[in-house]
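Coordinate analysis (summary)
These are the residues of each chain, in order.
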Amino acid sequence: MEWLQVTSDLIHNTIVFATALIFAALGGLYSERSGVVNIALEGLMTIGAFTAAVVTFYADLMLGGSAWSPWIGFIIAMIVGIIFALPHAVASVSFHANQVVSGVALNFLAIGLGVYLTKIFFDGSAQTKTLETTLSKWNIPFLSDIPFIGKAFFYAYPTSFLAFLLVAISYYVLFKTPFGLRLRSVGEHPQAADTVGINVYRMRYLAVMISGALAAMGGATITLTTTSNFSHNTISGQGFIALAALIFGKWHPVGAMFAALFFGIASAMKSVFQVFCVTDYIPVDFIFIFPYVLTILVLAGIVGRANAPAAIGRPYIKGNR
Amino acid sequence: MNKWIHIFTKESVLIPVISTLLGLLIGAFIMLLGAYNPIQAYLSLIEKAFGDFYSIGETIRQITPLIFTGLSVAFAFRTGLFNIGAEGQFIMGSLAATIVGIQLDLPWYLHMPLAVVAGGMAGGLWGVIAGYLKAKRGVHEVITTIMLNWISLYLSNYFVKAYLSEPGQQRSEFLKESSWLSLQGLSQLFDNARIHFGILIAILCAVIFYIVLWKTKQGYELRAVGFNPHAAEYAGMNVGVNVMKAMFVSGVFAGLGGAAEILGVFHYLTINAAFPGYGFQGIAVALIGGNTALGTVLGAVLFGVLTFGATGMKFGAGVPVEIISIVIALVIFFVAAKGIVKYVIQLFKKEKKNML
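The structure contained in this document is the topic of the report that follows. (Residues numbered from 1 in each chain as written. Chains lettered and ligands numbered in written order. Predicted model: local features only at pLDDT ≥ 70, side-chain atom pairs only at ≥ 80, totals over all residues.)

Quick look at the overall build of chain A
Check the secondary structure of chain A and you find 12 helices and two strands. If you list the helices and strands of chain A from N to C, you get α-α-α-α-β-α-β-α-α-α-α-α-α-α. Taken over the C-alpha trace, chain A has a radius of gyration of 20 Å; the compact-globule value for 321 residues is 20 Å, and the two agree within 12%. Each principal axis of the C-alpha atoms in chain A carries an extent, and together these give about 65 × 50 × 40 Å. Residue pairs at least 24 apart in sequence account for 76% of intrachain contacts in chain A once pairs closer than 6 positions are excluded. (Helix = DSSP H or I, 4+ residues; strand = E, 2+ residues; numbered from the N terminus. Rg over C-alpha atoms; globule rule 2.2 N^0.38 Å. Contact = placed C-beta atoms within 7 Å.)

Considering the interface of chain B and chain A
Between chain B and chain A, the residue contacts involve 35 residues of the former and 39 residues of the latter. Residue assignment for the side of chain B that touches chain A shows that the elements contributing at least two residues are helix 6 (108–137), helix 7 (141–164), helix 13 (278–288), helix 15 (323–336) and helix 16 (338–355) of chain B. By residue number, the principal contributor to the side of chain B that touches chain A is helix 7 of chain B, which donates 12 residues. Here the residues of the side of chain B that touches chain A sort into 28 nonpolar, five polar and two charged. (Nonpolar A, V, L, I, M, F, W, Y, C, P; charged D, E, K, R; others polar.)

Regarding the packing of helix 4 (residues 53–78) of chain B against helix 14 (residues 293–317) of chain B
All names here are of chain B. The contact between helix 4 and helix 14 brings their axes to 8 Å, and the two run at 135 degrees. Relative to helix 14, the element helix 4 is oriented oblique. Crossing hand, helix 4 versus helix 14: right-handed. Contact residues: helix 4 offers Glu58, Thr59, Gln62, Ile63, Leu66, Ile67, Gly70, Leu71 and Ala74, while helix 14 offers Thr296, Val297, Gly299, Ala300, Val301, Phe303, Gly304, Val305, Thr307 and Phe308. (Axes fitted to C-alpha atoms, helices over the stretch in contact; angles between N-to-C directions. Parallel < 35°, antiparallel > 145°, perpendicular 65-115°, else oblique. Left-handed = near helix turned anticlockwise from the far one by under 90°.)

A short note on the nonpolar core
A general trend in soluble globular proteins is that nonpolar side chains are found buried together. Of all hydrophobic cores here, the largest spans 216 residues; its most connected members are A:Leu21, A:Ala25, A:Ala216, A:Ala245, B:Leu263 and B:Ile332. Those residues in contact with A:Leu21 that sit more than four places away from it in its chain are A:Gln238, A:Ile241, A:Ala242, A:Ala245, A:Ala260, A:Phe263 and A:Gly264. (Core = buried A, V, L, I, M, F, W, Y, C linked by C-beta atoms within 7 Å. Buried ≥ 20, exposed ≤ 12 C-beta atoms within 10 Å, placed from the backbone.)

As for helix 9 (residues 198–215) of chain B
Residue and element names in this part refer to chain B. Along its 18 residues, helix 9 runs 25 Å from first to last C-alpha, staying within 8% of the 26 Å computed at 1.5 Å per residue. For helix 9, the set of buried residues is Gly198, Ile199, Ile201, Ala202, Cys205, Ala206, Phe209 and Leu213. Buried residues of helix 9, seen end-on, are gathered within an arc of 155 degrees and therefore sit on one face of the element. Facing away from the buried side of helix 9 by more than 90 degrees, the exposed set consists of Leu204, Val207, Ile211 and Lys215. Elements in contact with the buried residues of helix 9: helix 4, helix 10 (217–227), helix 12 (239–266) and helix 14. (Expected span 1.5 Å × (residues − 1). Arc of directions from axis to C-beta.)

Okay, here's the thing in structure tokens:
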């Protein structure tokens, strides 16, 4: 029966890891489809993880261990994510700044601000106090009674269900609504979009803000389901893996979801490999490297071809050709 | 005299200076919100960075890698490339220098230069991967260098664990002394601070940077490709080859920095869970220095002083050291979003007119 336990663990770990990636990759999707590069995903996740840890801790103190406190943390993290993404929008949309540099600055700011405020809130300690209440798993009635796959797929954290739901919603919004068409057109050919009366600046601002909300939610899921606290290495590279998932998924919500799940498996395989002593043959570090190598191969056109939105990274200046 | 006034009011000088001041000012405001005394904090920063010979030596040690990574980012920028990968090239340089330092047994006048060169070459080759993908496959260098950073981090950890590790420690064994860049005399001059010979190599690199880019035909080509690749191609230059050359040189600078850090300061390579961060700070250094040799050195001095001095703020004013990451982030942000700074300058100019 050992392998059953291992497989079940594998699926569980995959979904938990992939959940955060899906949120952040969807965040990157909105921003990049509108033509704004977002390498600040890492920083946005950091700020989301930090906010969720702090707000949930204090909400828990006030409500006395209510099951709602993680949700309060989750929602506030989302709002703070929107606010934190605003400077990126201001710099790259209104002031035509280099979007990569602005993103690098935001990543620095997030980790600095997160740890600085943690030390202020928690008496100089470099990590937040461990949360008493975190999100608990949900049972989907009936479906979770299906033998084997029921427990693996329909007994999970609510945030995971939300992530998959958001994939469907994002697909609908981006490809089936006027809003989505406008957002994509701004990222492909802003001049043409402007000509037909779409407000390029407003669309890009909205996209970056949505991006902040989603990435911060991704960070929040990590503190609320996995680590239960925030420290300087709670978010260490997930934002960049999410970016990789976005590219590997060819800037499409469903593609990004599969890429995130795939990277999730790659990461979850670690424990399975350890059980079966595969790590004696393949070092753990090579498993870590895997998603990044894959992304480079995809970009190089060796494993399929990824085409970025045409106007990505280029500030739009009205009247310029 | 007029010439000097002209230099100080030039935009390329004014924007970094005002960005730095804005960063420090907002930093002070954040400290006030945390009920700390910002004046005391900044004074203890200066005290920590320049207080005695030991501090000055350690500050120079902090500045050294930033000159290397700053030059790396700036060189790529001049050819129109954004090298976010200085971090990874720095790590590969460290790794190569460590391997040479541990595995070979040579007299110092061969061992030390060989370790330095190995570091530079490793960084350069790591940079060329991104250059090649850009030139031949049209892949944007920002994404590839980000991915290469992570690959280098885990690759270096793997090599340390598998081949170089000191039993029971999260690091490699010590490098042979014949490969060290540290100079007994230099360290004693600075009260046993870990200042090392690398600073001279860094300054030499800055001079080479200037000469190559502005005094050679090759440098002219590199800058032409950076200004306008289409025009450069029309003029008969091979854009792809120049892109690869630029990424190689850029990687060499970062790799040398990584080698110098190992050979001069630590003498061993640790297993890292996170990046050392010099590559990312190099972006800030290059930006604030306007991608020039002198500017980059000055930028490195600024950020070196801020980072090393920050440890003093903890003791002097109780402020968490992370405040300096916030200040640095703000400075990068303002330099990037020049428009905001110009707006601030405009405000001051208007006020002056009103007063007159």
